[in-house]
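# Residue-level structural notes
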Amino acid sequence: MILEGRRVLVTGGAGFIGSNLIEKFLEQDNYITCLDNLSTGRMDNIFGFLDHPRFNFLKGDIRSLDDCRNAVHGSEIVLHQAALGSVPRSINDPITSNDVNVGGFLNMLVSSKRWWN
Ligand SMILES: NC(=O)c1ccc[n+]([C@@H]2O[C@H](COP(=O)([O-])OP(=O)(O)OC[C@H]3O[C@@H](n4cnc5c(N)ncnc54)[C@H](O)[C@@H]3O)[C@@H](O)[C@H]2O)c1
């Protein structure tokens, strides 16, 4: 996908998929905000972007509607990659997996819709 000069929010940007998206979209002259709570992601994945003038890191949690609203504010495009993977994890702790993967996703949808309306 080619985007240029757009304001892009990447949730889960400190994770595997998100950090690779950030690298690509910074190369294409976009302005990136990354929202991540670093639960499974690593600062190492975004360390190289921290000094970049078009990169902004927000440590926050998609289970918080306020964190989602704050992150979405001003964004034109949202790439929602924040999630808790692993079937064994979801069996061991289904409440947390549901809160993040279902509730957090809903928070992102509601926040994105409110920003545009
Ligand atoms: N890696 C793959 O090969 C692959 C393939 C297909 C689909 N996916 C999907 O892509 C998404 C990302 O996968 P990934 O491999 O990058 O996983 P990952 O664990 O590397 O990244 C997920 C990121 O989300 C963050 N996160 C988790 N809970 C959060 C919360 N409550 N608030 C904010 N941030 C939170 C983590 O800290 C992490 O940085 C997942 O939905 C996954 O199922 C991944």
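Scroll up a little and you will see the structure.
Here's a quick rundown of the structure. Since this is a predicted model, take the numbers as computed values, not measurements. (Residues numbered from 1 in each chain as written. Predicted model: local features only at pLDDT ≥ 70, side-chain atom pairs only at ≥ 80, totals over all residues.)

### Notes on the site of the ligand
Cut-off, in case you're wondering: Placing a C-beta atom from the backbone of each residue, we mark the residue near a molecule or strand if the atom is within 6 Å of it. A run of H or I in DSSP becomes a helix once it reaches four residues, and a run of E becomes a strand once it reaches two; helices and strands are each numbered from the N terminus. Ten residues, namely Ala, Val, Leu, Ile, Met, Phe, Trp, Tyr, Cys and Pro, are considered nonpolar, four, namely Asp, Glu, Lys and Arg, are considered charged, and the remaining ones, Gly among them, are considered polar.
Within the structure, the ligand sits among 22 residues, and Gly12, Gly15, Ile17, Gly41 and Ala83 are positioned closest to it. Here the element with the most residues in the shell around the ligand is helix H1 (residues 16-27); it accounts for 3 residues. Within the shell around the ligand, the residues separate by chemical class into 9 nonpolar, 10 polar and 3 charged.

### Considerations on the nonpolar core
As a reminder of what qualifies: Structurally, a nonpolar core is described as a collection of buried Ala, Val, Leu, Ile, Met, Phe, Trp, Tyr and Cys residues joined by way of C-beta atoms within 7 Å. Any residue with 12 or fewer other C-beta atoms within 10 Å of its own C-beta is exposed, any with 20 or more is buried, and the rest are partly exposed; the C-beta atoms used are placed from the backbone. Here, residue contact means that the backbone-derived C-beta atoms of the two residues sit within 7 Å.
Grouped together as the largest cluster of nonpolar side chains are 21 residues, with contacts concentrated most on Val8, Leu9, Val10, Ile22, Ile32, Cys34 and Leu79. Apart from the residues within four sequence positions on either side, Ile32 is in contact with Val8, Val10, Ile22, Phe25, Leu26, Arg54, Phe55 and Asn56.

### Observations regarding the sheet that holds strand S4 (residues 77-80)
Definition in use: A pair of strands is considered paired only if DSSP assigns at least 2 bridges between the two. Here an axis means a line fitted to C-alpha atoms, over the contact stretch when the element is a helix, while the angle between two N-to-C directions is reported on a 0 to 180 degree scale.
With respect to topology, 4 strands assemble into an open sheet ordered S3-S2-S1-S4, the strand pairing being parallel. With one partner strand each, in any of the chains shown, strand S3 (55-59) and S4 form the two edges of the open sheet. Across the sheet, the mean angle separating the axes of adjacent strands is 20 degrees when strand polarity is ignored. Two strands pair when backbone bridges link them, and strand S1 (residues 7-11) and S4 are joined in this way by 4 bridges, in the parallel orientation. The partner of Val10 across the bridge, within S4, is Leu79. Lying over the sheet, H1 contacts S1, strand S2 (31-36), S3 and S4, oriented at roughly 170 degrees with respect to S2. Along the sheet, helix H3 (residues 65-72) contacts S1, S2, S3 and S4; its crossing angle with S2, the most-contacted strand, is approximately 170 degrees.

### Overview of unusual backbone geometry
Of note in the backbone geometry, Asp29 takes a positive phi value of approximately 70 degrees without being a glycine. Its 11 C-beta neighbours within 10 Å are what place Asp29 among the exposed residues. Notably, Ser86 is not glycine yet its phi reads approximately 90 degrees, a positive angle. Here Ser86 lies in the loop between S4 and helix H4 (87-92). When the 12 C-beta atoms within 10 Å are taken as the criterion, Ser86 is described as exposed.

### Observations regarding H1
Heads up, the condition is: One fewer than the residue count of a helix, multiplied by 1.5 Å, yields its expected span. Arc definition: it is the arc formed by the directions from the helix axis to the C-beta atoms.
Here H1 spans 17 Å end to end across 12 residues, near enough to the 16 Å set by a 1.5 Å rise per residue. Regarding H1, the residues found buried are Gly18, Ser19, Leu21, Ile22 and Phe25. Axial view of H1: buried residues confined to an arc of 155 degrees, hence all on one face. Residues of H1 that are buried make contact with S1, S2, helix H2 (43-46) and S4. Just downstream of H1, Asp29 is the residue with a positive phi angle, here 70 degrees.

### What about the pairing of S2?
Along a regular strand, successive side chains alternate from one face of the sheet to the other. Just so we agree on the cut-off: A crossover gets the label right-handed when its path from the first strand over the helix to the second runs clockwise, viewed with the strands pointing away from the viewer.
Among the 6 residues of S2, 5 are classified as buried, and the element is accordingly described as predominantly covered. Summarising the sheet, S1 and S2 pair through 5 bridges and their orientation is parallel. Directly across from Val10, in S2, lies its bridge partner Cys34. Taken together, S1, H1 and S2 form a β-α-β motif whose crossover is right-handed. Examined bridge by bridge, S2 and S3 share 5 bridges and lie parallel to one another.

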